[in-house]
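This is what each chain is made of:
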There are 2 protein chains.
Amino acid sequence: MASSPETLHDRLGELSDLGAAGALVGWDRETVMPPGGAEGHGEILATLERLAHERLADPGLGRLLEAATQAGGQDAAIARVVRRDHDRATRIPAELTAEIARTTAAALPAWMEARRDADFARFRPHLERQVELARAVAACFPEAAHPYDALLEDYEPGATTAQLRTVFAQLEAGLVPLVEAIAARPAPAPLPGPFPEAAQRVLALEVAAAMGFDAEHWRMDDAVHPFASSITPSDVRVTSRWDEQDLSGLLAVMHEVGHGLYEAGVDPALARTTLGSGVSMGIHESQSRLWENQVGRSLPFWRHWHPRARELFPSLAGLSAEDLHRALNVVHPTLIRVEADEATYSLHVILRFELEVALVEGTLAVADLPAAWNDRMRELLGIEVPDDAHGCLQDVHWAHGSIGYFPTYALGNVVAAQLWEAARRDLPGLDDALAAGDCAPLLGWLREHVHRHGRLLDPPDLVERAAGGPLDPAPLLAYLEDKYGALYGLPR
Amino acid sequence: MASSPETLHDRLGELSDLGAAGALVGWDRETVMPPGGAEGHGEILATLERLAHERLADPGLGRLLEAATQAGGQDAAIARVVRRDHDRATRIPAELTAEIARTTAAALPAWMEARRDADFARFRPHLERQVELARAVAACFPEAAHPYDALLEDYEPGATTAQLRTVFAQLEAGLVPLVEAIAARPAPAPLPGPFPEAAQRVLALEVAAAMGFDAEHWRMDDAVHPFASSITPSDVRVTSRWDEQDLSGLLAVMHEVGHGLYEAGVDPALARTTLGSGVSMGIHESQSRLWENQVGRSLPFWRHWHPRARELFPSLAGLSAEDLHRALNVVHPTLIRVEADEATYSLHVILRFELEVALVEGTLAVADLPAAWNDRMRELLGIEVPDDAHGCLQDVHWAHGSIGYFPTYALGNVVAAQLWEAARRDLPGLDDALAAGDCAPLLGWLREHVHRHGRLLDPPDLVERAAGGPLDPAPLLAYLEDKYGALYGLPR
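Remember, predicted model here, so these are calculated numbers, not experimental data. (Residues numbered from 1 in each chain as written. Chains lettered and ligands numbered in written order. Predicted model: local features only at pLDDT ≥ 70, side-chain atom pairs only at ≥ 80, totals over all residues. Heavy atoms only, no water.)

### As for the overall build of chain A
Helix and strand content of chain A: 20 helices and 3 strands. Relative to the globule expectation of 23 Å for 492 residues, the C-alpha radius of gyration of chain A, 23 Å, shows essentially globular dimensions. Along the first, second and third principal axes, the C-alpha set of chain A runs to 70 × 50 × 50 Å. Every one of the 492 residues in chain A was classed for burial, and the buried ones make up 58%. Excluding contacts between residues fewer than 6 apart, the proportion of contacts in chain A whose partners are at least 24 apart in sequence is 72%. As presented, chain A carries roughly 19000 Å² of accessible surface, and 55% of it is formed by carbon and sulfur atoms. The averaged location of the 72 negative side-chain charges in chain A is 1 Å from the averaged location of its 42 positive side-chain charges. (Helix = DSSP H or I, 4+ residues; strand = E, 2+ residues; numbered from the N terminus. Rg over C-alpha atoms; globule rule 2.2 N^0.38 Å. Buried < 20%, exposed > 50% of the residue type's maximum accessible area, 1.4 Å probe, protein only. Contact = heavy atoms within 4.5 Å. Areas by Shrake-Rupley, 256 points an atom, 1.4 Å probe, with all protein chains shown as cover. Lys, Arg positive; Asp, Glu negative; His and termini not counted. Charge placed at Lys NZ, Arg CZ, Asp CG, Glu CD.)

Listed below in structure tokens is the structure:
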């Protein structure tokens, strides 16, 4: 090969650019690509990922990281994080990565057919292979206290199986009785529709603008599965989909803009260092969830926005902010994770976490997964799974080989509540600001305590500094108990 | 660096994917990118280009090309073309390429200001540097018969300065009296507008669909400067802009779809070999020009489309196909190349070619360029240049360091007419087909004789085989004399 860039920053700039190119190809595929482009986009993405992996694993990068660590200062702090990426790229053999890619390519269509026909047997051998490969990845890190820790590291640096077990046990202990108590109360009426797509778009763009979306640096498009993607911190793209029966499109936009604000708010000094993005899936999800739930499903928020909503949706005539707030906070156990409400969502995640850990440990066989799933659904949410399409076949993650991802969804809920509690402590006027349509104080707080750090602080360190303590499910439980206690008139 | 792909096809696949990623980033920049993304997109593109250059110049690729050449067969044919790219990448020093990029980065804003203020002095030092660097590039190829030949090679493999001088002299000898004769006749009335943008879009998409645009593999967007870009042969993107005073938006779409059909029509066996695209700028321009002019400005085409145009544009009520045809073929010498009609366009190009050659030879100093430009405009088109913004500052190419590009525009006109003559010979029913709205016979002929070859045949070889003879301006002159002779009632 011809000469590689000589300095650490040139190397990291190159890696960042490859990542940004991949992000753009991925965004394009989900939004504007003509369908015929799918195969080509797949090949482009594979090549960009291979090149990035090659560069990341390069021994020359290792030497530059060593030198930066010796030299100290900001570059040493950057090198600490990149070193971890480099070690990971070095320790997982290229052949194993390639085998996971091949397995995934076969598993995805098999999973789609299996889900369509509620036929777990069709997916079973593919999942067995993915679990086997996940264990092979874990085996590359024999120093891990638990093999699942090595998988978690990809999505949530610093998280451990032991810690998650503790946190999730506390969460389960609080959530199960809360959901049961709510289920015993009469359900509020849903919002009267319709909510025409065009009017939802108008409202969503106005809300997004109030949050911090600006047309100079952002864009919004439609996608089958809403997502956010920042090509660079100055080019942030969110997507949504629209259901005319409810306001889920608006809340999806708030969720995705929450992700986007995180990426847009990273310290510009971290641009093109590979540290200029969110630090983990869990912290990312804390940002999207906080805007979607703590803000978008709050009464102060709707005090400001309900006149505008009534202007745009004639079906809301006569409804108060309180009515809107109540209707957007219906709690109802469901079979499907992505349709779950704020109170039940984490229970879906806890179930998946437990099953994943057992699969990786080898204490649960893939063949026994459907029964184990259905049993836990009964225990956690009190509902019966009619078939595997509505049970263990519902999510794409396992077909994708993404084992270790699920817990980050619940971590996002936990951390969002911790941050929300801290922000309310620091900003006594926060409710009044939101009720006046002013999101700037909250955004400023999140920028200062979360966004600007990019990947420079590991998640445990970030939570400790921003929330004033370690990962803790108590604020989430207190927030949900307060909110639903008031809404459903539960005994305290 | 870690291991590179082992086989020639893997290497070429990687190079193709890097090119496709760059094409997508470039398309995004001109169509959907939020303005704040410009700097990041520039960095991504620079990295992708640097990586592609590094891979192209790699000695390992040289060895694989050598082996493929020895082995013979289709791979040897592919290796012949790639070898030329490899040699070029190897012979131009990386430092010279970087210096051209730096010079261009400074020259572009200086050119914009100079053009805005019609102040050539501000651009002069930048152009002097670009000419110097172009001569340095040419000096890397001392075997070239003329230094300008080495520059042409980037845009039009196989073309020579000597040949272009001959062809352009013949063209000038035919075009100047033709344009003079037309100018002596009364000008036809322009089309009565307005042509609302929405209706132009409808017509343009219907015409594009008749040409071969299908939504499964193509998309159409707006852009400030219309262009076509194929990410892969299955993902082709065209752009247009709209002027409600005329039908230029429709003709721009036909032009860009002409480019797109070329890329979409390459033999799939050449996909991901770096040969799966158009062979030169001149041959590419022959495809766009043929659809725009020989088809889109022809009477048979309008026989089919004029009822639909009258439906969409009430201002055309009462106009016949002949009226439309006449109004779309007004000839009028203009100062600005991009506004030039079919008869005068090549004269603008001949002027630029001559001046570029003189600059590279050193027989014209940059300081004397404005006067030389203005003199030739008077001789070729009989018009006075009021200031340099309407003269030698009008085009971006020289600020861009793209010296050797201009002649390909006129080559496109020449080759389009040669292909058109050959296609009409082979397809006696071509006019009737077009008059019935059927573009398939023409597209089939172009696929067979031009598109499918991709970069496998060099332009001279392709023209020889497709048109039955070498590059020849006679068919273009005969076509223009026939067309305008009839339209303007010129003496034969």
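### Side note on the pattern of salt bridges
Summed over all chains, the structure comprises 96 salt bridges over all chains. A salt bridge links R376 of chain A to E379 of chain A, with the shortest nitrogen-to-oxygen separation between them at 2.6 Å. Of this pair, R376 of chain A and E379 of chain A both sit in helix 15 (residues 369–381), 3 residues apart, which is roughly one turn of the helix. As a salt-bridge pair, E66 of chain B and R83 of chain B come within 3.2 Å of each other at their nearest N and O atoms. Of this pair, E66 of chain B sits in helix 3 (residues 59–71) while R83 of chain B is found in helix 4 (residues 74–91), placing the two residues 17 residues apart along the sequence. Beyond isolated ion pairs, a larger network of salt bridges with shared partners links E95, E99, R102, R129 and E132 of chain A. (Salt bridge = Lys/Arg side-chain N within 4 Å of Asp/Glu carboxyl O.)

### What to know about the sheet that holds strand 3 (residues 235–240) of chain A
All names here are of chain A. Spatially, 1-3-2 is the arrangement adopted by the 3 strands of the open sheet, whose pairing is mixed. Unpaired on one side and paired on the other, strand 1 (218–222) and strand 2 (228–232) mark the two borders of the sheet. Strand-to-strand twist across the sheet, computed as the mean angle between neighbouring axes with direction ignored, equals 20°. Relative to strand 3, strand 1 runs parallel, the two being bridged by 5 bridges. Following the sheet pairing, W218 is matched in strand 3 by V236. (Pairing = 2+ DSSP bridges. Axes fitted to C-alpha atoms, helices over the stretch in contact; angles between N-to-C directions.)

### Remarks on the interface of chain B and chain A
Each partner contributes residues to the interface: chain B has 43 residues there, and chain A has 43 residues. Of the roughly 3500 Å² buried at the junction of chain B and chain A (both faces included), carbon and sulfur atoms supply 63%. E43 of chain B is the partner of R272 of chain A in a salt bridge, and the nearest nitrogen-oxygen pair spans 3.5 Å. Put simply, chain B and chain A have 13 residue pairs in polar contact (both at pLDDT 80 or more) between them. Those elements giving two or more residues to the side of chain B that touches chain A turn out to be helix 1 (8–31), helix 2 (38–56), strand 1 (218–222), strand 2 (228–232) and strand 3 (235–240) of chain B. Considering only residue class, the side of chain B that touches chain A consists of 19 nonpolar, 10 polar and 14 charged. (Buried area = accessible area lost by both parts, 1.4 Å probe. Polar contact = N/O pair within 3.5 Å; in protein donor to acceptor, adjacent residues only side chain to side chain. Nonpolar A, V, L, I, M, F, W, Y, C, P; charged D, E, K, R; others polar.)

### Thoughts on the relation of the copies chain B and chain A
Superposing chain B onto chain A takes a rotation of 180° combined with a translation of 0.0 Å along the rotation axis, leaving an RMSD of 0.0 Å. Viewed as a symmetry operation, the transformation between the two copies matches a two-fold axis. Both copies contact each other with a shared surface, as 100% of the interface residues of chain B are interface residues in chain A too. (Least-squares fit on C-alpha atoms with pLDDT ≥ 70 in both.)

### Focus: the side chain of R376 of chain A
By relative accessible area, R376 of chain A is classed as buried at 15%. When residues no more than four places from it in sequence are discounted, the contact partners of R376 of chain A are E172, L351, E354 and L381 of chain A.

### Focus: the sheet that holds strand 1 of chain B
Residues and elements named next belong to chain B. Overall, mixed pairing links the 3 strands, which are arranged 1-3-2 in an open sheet. Taken across any chain shown, the strands that pair with only one partner, and hence form the sheet edges, are strand 1 and strand 2. When strand polarity is set aside, the average angle formed by the axes of neighbouring strands in this sheet is 20°. Packing against the sheet, helix 10 (residues 248–264) makes contact with strand 1, strand 2 and strand 3, and its axis sits at approximately 160° to strand 3.

### Quick notes on the packing of helix 8 (residues 161–183) of chain A against helix 16 (residues 407–426) of chain A
All names here are of chain A. For the pair helix 8 and helix 16, interaxial distance at closest approach is 12 Å and the crossing angle is 60°. Viewed along their axes, helix 8 and helix 16 form a crossing whose handedness is left-handed. Where helix 8 abuts helix 16, its residues L164, V167, F168 and L171 lie against P407, A410, L411 and V414. Split by residue class, the contact of helix 8 with helix 16 holds 8 nonpolar, no polar and no charged. (Left-handed = near helix turned anticlockwise from the far one by under 90°.)

### As for the domain arrangement of chain A
Residues and elements named next belong to chain A. Taken domain by domain, chain A comprises domain 1 (1–91) and domain 2 (143–492). In this assembly, 23 residues from domain 1 lie in contact with 24 residues from domain 2. Summing the contributions of domain 1 and of domain 2, the shared interface buries around 2000 Å²; its carbon and sulfur component is 52%. R91 is paired through a salt bridge with E143; the nearest N and O atoms lie 2.8 Å apart. Our count for the contact surface shared by domain 1 and domain 2 stands at 11 residue pairs in polar contact (both at pLDDT 80 or more). (Domains from an automatic or database assignment.)

### A short note on the packing of aromatic side chains
Residue and element names in this part refer to chain A. Taken as a whole and assessed by the stated rule, the structure comprises 26 aromatic pairs over all chains. Ring geometry for Y345 against Y409: centres 6.2 Å apart, planes inclined by 80°, an arrangement best described as edge-to-face. Of the two residues, Y345 is situated in helix 14 (residues 345–361) and Y409 in helix 16; the sequence distance between them amounts to 64 residues. Overall, the relative accessible area of 4% leaves Y345 in the buried class. Looking at Y409, the relative accessible area reads 11%, which means it is buried. Taking the centre distance of 6.1 Å and the plane angle of 45° together, the rings of Y484 and Y488 count as tilted. A residue pair is termed a helical-turn pair when its members lie 3 or 4 positions apart in one helix, as Y484 and Y488 do in helix 20 (residues 474–488) at 4 residues. The pair formed by Y484 and Y488 is uniform in burial state, with each residue classed as buried. (Phe/Tyr/Trp six-rings, centres within 6.5 Å; stacked < 30°, edge-to-face > 60°.)

### Overview of helix 11 (residues 281–295) of chain B
Residue and element names in this part refer to chain B. The terminal C-alpha atoms of helix 11, which comprises 15 residues, lie 20 Å apart, in line with the 21 Å expected from a rise of 1.5 Å per residue. At R289, helix 11 shows its strongest bend, of approximately 35°. Within helix 11, 14 of the 15 residues are buried, which leaves it mostly tucked inside the rest of the structure. (Expected span 1.5 Å × (residues − 1). Bend = angle between axes of the 7 residues up to and from the residue.)

### Let's talk about the environment of M254 of chain A
Residue and element names in this part refer to chain A. By secondary structure assignment, the location of M254 is in helix 10 (residues 248–264). Assessed through its relative accessible area of 0%, M254 is described here as buried. The spacing of M254 and V207 is 47 residues in sequence and 7.6 Å in space, taken between C-alpha atoms. Excluding residues within four positions of it along the chain, M254 makes contact with V207, M211, S288, W291, E292, V295, G296 and F301.

### Points about unusual backbone geometry
Residues and elements named next belong to chain A. Here the bond from G193 into P194 is cis, since omega is 0°, no more than 30 degrees from zero. In this fold, P194 is placed in the loop between helix 8 and helix 9 (197–211). You will see that A118, though not glycine, has its phi angle at about 50°, which is positive. Locating A118 in the fold gives a position in the loop between helix 5 (94–117) and helix 6 (120–139). A residue is classified by how much of its surface remains accessible, and A118, at 32% relative accessible area, is partly exposed.

### A few points about the pairing of strand 2 of chain A
Residue and element names in this part refer to chain A. Buried residues dominate strand 2, accounting for 4 of its 5 residues. Taken together, the 4 bridges between strand 2 and strand 3 define a ladder with antiparallel strand orientation. In the sheet register, T232 faces strand 3, and the bridge partner there is D235. The hairpin turn running from strand 2 into strand 3, its antiparallel successor, is 2 residues long.

### A short note on helix 8 of chain A
All names here are of chain A. When the terminal C-alpha atoms of helix 8 are compared, their 31 Å separation across 23 residues agrees well with the 33 Å that a helix rising 1.5 Å per residue should span. Of all the positions in helix 8, only T161, L164, V167, F168, L171, G174, L175, V176, L178, V179 and I182 are classed as buried. Those residues of helix 8 that are buried lie in contact with helix 7 (147–152), helix 14, helix 15, helix 16 and helix 20.

### Notes on the environment of G444 of chain B
All names here are of chain B. Here G444 is to be found in helix 18 (residues 440–449). With a relative accessible area of 40%, G444 lands in the partly exposed category. The spacing of G444 and T334 is 110 residues in sequence and 36 Å in space, taken between C-alpha atoms.

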